[in-house]
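# Overview (structure and organization)
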Amino acid sequence: MPLRLRATIAAALTTLTLAGCSSPPKEREEPRTSARLAATLDSPVDITLRWKDDERAVAGRTVEFATEKAGPYTVLEFVPPGRTTYRHPDLMPETPFYYRLRPYFGPASPAVEVSLPPGEPSEKELTGNQEWMTPRTVERPKAPKARTAPVTARGAGGAAANEAAAPADFEPTVKHATGIHFSWTDHAADEDGYLLEVRQAGSEGYRPVALLDPDINSFGLITLPEEKRASYRVRAFVYGEQSNVVHLTTGSDPGA
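Residues numbered from 1 in each chain as written. Predicted model: local features only at pLDDT ≥ 70, side-chain atom pairs only at ≥ 80, totals over all residues. Heavy atoms only, no water.

## Things to note about the packing of aromatic side chains
- By the definition in use, this model includes nine aromatic pairs.
- What links up through ring pairs into an aromatic cluster is the set Phe170, Phe182, Trp184, Tyr194 and Tyr232.
- One residue, Arg100, lies across the ring of Tyr73, its end atom 3.9 Å from the ring centre.
- Note that Arg233 overlies the ring of Tyr206, its terminal NZ or CZ placed 3.9 Å from the centroid. (Phe/Tyr/Trp six-rings, centres within 6.5 Å; stacked < 30°, edge-to-face > 60°. Lys NZ or Arg CZ within 6 Å of the ring centre and 35° of its normal.)

## Side note on the pattern of salt bridges
- Across all of its chains, the model carries six salt bridges by this definition.
- Among the ionic pairs, Arg83 bridges to Glu77, the shortest N-O distance being 3.3 Å.
- Arg83 sits in the partly exposed class, given a relative accessible area of 28%.
- Linked through salt bridges whose partners overlap, the residues forming this network are Glu197, Arg233 and Arg235. (Salt bridge = Lys/Arg side-chain N within 4 Å of Asp/Glu carboxyl O. Buried < 20%, exposed > 50% of the residue type's maximum accessible area, 1.4 Å probe, protein only.)

## Some points on the pairing of strand β6 (residues 85–88)
- Burial along β6 is one-sided: the residues Tyr86 and His88 are buried and none of Thr85 and Arg87 is.
- Here strand β3 (residues 46–50) runs beside β6; their pairing, made up of four bridges, is antiparallel. Looking across to β6, one finds that Leu49 is bridged to Tyr86. (Helix = DSSP H or I, 4+ residues; strand = E, 2+ residues; numbered from the N terminus. Pairing = 2+ DSSP bridges.)

## Structural notes on the nonpolar core
- If you look at the biggest cluster of nonpolar residues, it comprises 21 residues, and the most contacted ones within it are Phe170, Phe182, Trp184, Leu196 and Tyr232.
- Looking at this core, the element that brings in the most residues is strand β14 (residues 229–239), giving four residues.
- Setting aside its immediate chain neighbours within four residues, Trp184 contacts Arg140, Pro167, Ala168, Asp169, Phe170, Tyr194, Leu212, Ile216, Asn217, Ser218, Phe219 and Val234.
- Core analysis: the second largest hydrophobic core is formed by 15 residues, Ala35, Trp51, Phe65 and Tyr86 among them. (Core = buried A, V, L, I, M, F, W, Y, C linked by side-chain atoms within 4.5 Å. Contact = heavy atoms within 4.5 Å.)

Listed below in structure tokens is the structure:
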């Protein structure tokens, strides 16, 4: 499922349109990716992407596309480790499409379980003060920070160093029947951002539901009906090096 940006908070979140994916700071060395991307035109307007999954310690990948090689590229989905395909259907006919992958790395907080009350929020809860939903940086007691890149991308420093960069004190507060406020302590020194991840009851793995800027440590989420009971965690992440770029041009409209 693509990353969900709730309409009520989308304006405050980091955009998913990556204009070439800005280069990380010079002092941080990007890990090289071993993923080799290939694309197949399954029909005139349907494309399937395939790649190998043999990168160590990868937390996931972004699947990105553009209609020009130079971009801007848009994230189609944050896919979990172990996933090796992506289908992009019902595309615009006779149009060039460019695709690439970008791995991301980083430690996640311990997970927390949240159970929401039944039903829907009241009118007062929906129209009252909604500042708790805004992504922001809240002053907390000073905490030591660890560099994320050597830790998460190549494993330098070992598990202890990786753990040191993980978000701590991850705490949910139920605001109403569909709203949860999350806060945490930021221990990462040079993260590219934060991902809030959810695993709803009965599902096998976590998926990102919000992409946040670096240094954010307070955020409110409006949940979906299937998330009345779910597990959440937050991940400090850094992007790795992008894969090769593949190009296909769609054919004529099959319905014309």
